[in-house]
Amino acid sequence: MPDKRKVREVMIPLKKYPHIPQWFTLRQAVAIVRESAFECAGAFEPRTVLVFDEKHHLVGILTLRDLLKGLEPGFYRERQLILSDPSIKIDEGALLGPGMKNQAEKPVSEVMSPVKVSVKADDSLVKAIFLMVNEKVGMMPVLEEDKVVGMVRLTDLFLQVSQAILEQINGELP
């Protein structure tokens, strides 16, 4: 039952979660995400990278959306122009060409997202669910003695809730 379990029981330990220093480039972050996806084949697919400062404090989270937005050429920022005229042809060379390679040298600190919320390792899954739903996040850092020890994902929490619901329903069937 999710109300009795602790976050530490479902979190992904930090040593298994991709994390980088804030001075890494977007190119380096892309390499880490790809490498992590291959290493974790089947276990979980990292969709974020944790970003730490030189004192090992968590300073941000780099999502796939952050990465792609950081790599986009400038004209993609002209959202209204692109949305208003469906006939505009987007040159793939502009996205996948030299401009992107230049963008890839930016430090991740320029495009990472702030950490909105965290949870303690000994908090209940119910508290974690509440925080994630209320803050509209798909994952959050897990802390122990003010240090990041792992990550908990909404999908893992949903798995716990769905399992409890289905066990309850199956237990009530004759």
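Residues numbered from 1 in each chain as written. Predicted model: local features only at pLDDT ≥ 70, side-chain atom pairs only at ≥ 80, totals over all residues. Heavy atoms only, no water.

> How do you make sense of helix H2 (residues 64–71) when you look at a structure like this?
A turn of α-helix holds 3.6 residues, and therefore any two residues three or four places apart point the same way. Buried residues of H2: Asp66, Leu67, Gly70 and Leu71, and no others. Take H2 and look down its axis: the buried residues cluster within an arc of 125 degrees, on one side only. Residues of H2 that are exposed and angled more than 90 degrees away from the buried face: Arg65, Leu68 and Lys69. (Buried < 20%, exposed > 50% of the residue type's maximum accessible area, 1.4 Å probe, protein only. Helix = DSSP H or I, 4+ residues; strand = E, 2+ residues; numbered from the N terminus. Arc of directions from axis to C-beta.)

> Honestly, a nonpolar patch on the surface in this entry has me stumped. Any pointers?
Where nonpolar side chains cluster on the molecular surface, the patch consists of Ile165, Leu166 and Ile169 and spans about 260 Å² of accessible area. Within the element layout of this structure, Ile165 appears in helix H7 (residues 154–172). (Patch = residues over 30% accessible without salt bridge, like charges linked within 9 Å, V, L, I, M, F, W, Y side chains within 5 Å. Areas by Shrake-Rupley, 256 points an atom, 1.4 Å probe, with all protein chains shown as cover. Salt bridge = Lys/Arg side-chain N within 4 Å of Asp/Glu carboxyl O.)

> Even after reading the chapter, I still don't get the sheet that holds strand S4 (residues 58–63), so can you show me in this structure?
Strands belonging to one sheet form pairs held by backbone hydrogen bonds; the direction of such a pair is parallel or antiparallel. Pairing in this open sheet of three strands is mixed, and the strands run S2-S3-S4 from one edge to the other. In this open sheet, the two edge strands, each paired with only one partner strand, are strand S2 (19–21) and S4. Mean inter-strand twist for the sheet, computed between neighbouring axes without regard to direction, equals 30 degrees. (Pairing = 2+ DSSP bridges. Axes fitted to C-alpha atoms, helices over the stretch in contact; angles between N-to-C directions.)

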